[in-house]
Amino acid sequence: QVQLVESGGGLVQAGGSLRLSCAASGRTFSSYPMGWFRQAPGKEREFVAGITWSGGTTVYADSVGGRFTISRDNAKNTVYLQMNSLKPEDTAVYYCAAKVTLGVVVATTAYKYWGQGTQVTVSS
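Just so it is clear, the model here is predicted, and its values are computed rather than measured.

Caption draft 1: Fine view of the nonpolar core. Judged by nonpolar contacts, the single largest core of 33 residues is most densely connected at L4, M34, W36, L81, M83 and Y94. Secondary structure elements with two or more residues in this core: β3 (18-24), β4 (34-39), β5 (46-51), β7 (68-73), β8 (78-83), β9 (92-98) and β11 (118-123). No other element matches β9, which puts five residues into this core. Apart from residues lying up to four places away in sequence, M34 is in contact with L4, C22, F29, A49, G50, I51, I70, R72, V79, A97, A98 and Y111.

Have a look at this one:
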């Protein structure tokens, strides 16, 4: 069993930055690919970024590429999402998720464990 707890969300002006953290419990965290997803009101949950267990491969949605950076520290059981040049359309609840099979994929159904989410609001 893995428990995920996100933090770092908040209110920021357009063009600003935030760093989200996702702390994981469980001894096998370092073996899981991790992903960040987001869900805006009235919209489906969508993939934002993913990272392999080693951190050697990262994948980004086109909408955030070049602005967001996903990283992980397996010694701290934590995955991060650095968000720069934020836009109002980035406003959403952000979730981290753990996948128990190899590889990063964009489908929400491939991820087994989910955090409770953290709100990010970008004002114009």
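Caption draft 2: Main features of the sheet that holds β7. With antiparallel pairing, four strands are arranged side by side in an open sheet as β1-β3-β8-β7. Strands with a single pairing partner mark the edges of an open sheet, and in this sheet they are β1 (4-7) and β7. Averaged over all adjacent pairs, the angle separating strand axes in this sheet is 15 degrees, with direction ignored. Sheet topology note: the β7/β8 ladder contains six bridges and is antiparallel. Its bridge partner lying in β8, R72 is registered against V79.

The rules behind these values
- Residues numbered from 1 in each chain as written.
- Predicted model: local features only at pLDDT ≥ 70, side-chain atom pairs only at ≥ 80, totals over all residues.
- Heavy atoms only, no water.
- Core = buried A, V, L, I, M, F, W, Y, C linked by side-chain atoms within 4.5 Å.
- Buried < 20%, exposed > 50% of the residue type's maximum accessible area, 1.4 Å probe, protein only.
- Helix = DSSP H or I, 4+ residues; strand = E, 2+ residues; numbered from the N terminus.
- Contact = heavy atoms within 4.5 Å.
- Pairing = 2+ DSSP bridges.
- Axes fitted to C-alpha atoms, helices over the stretch in contact; angles between N-to-C directions.

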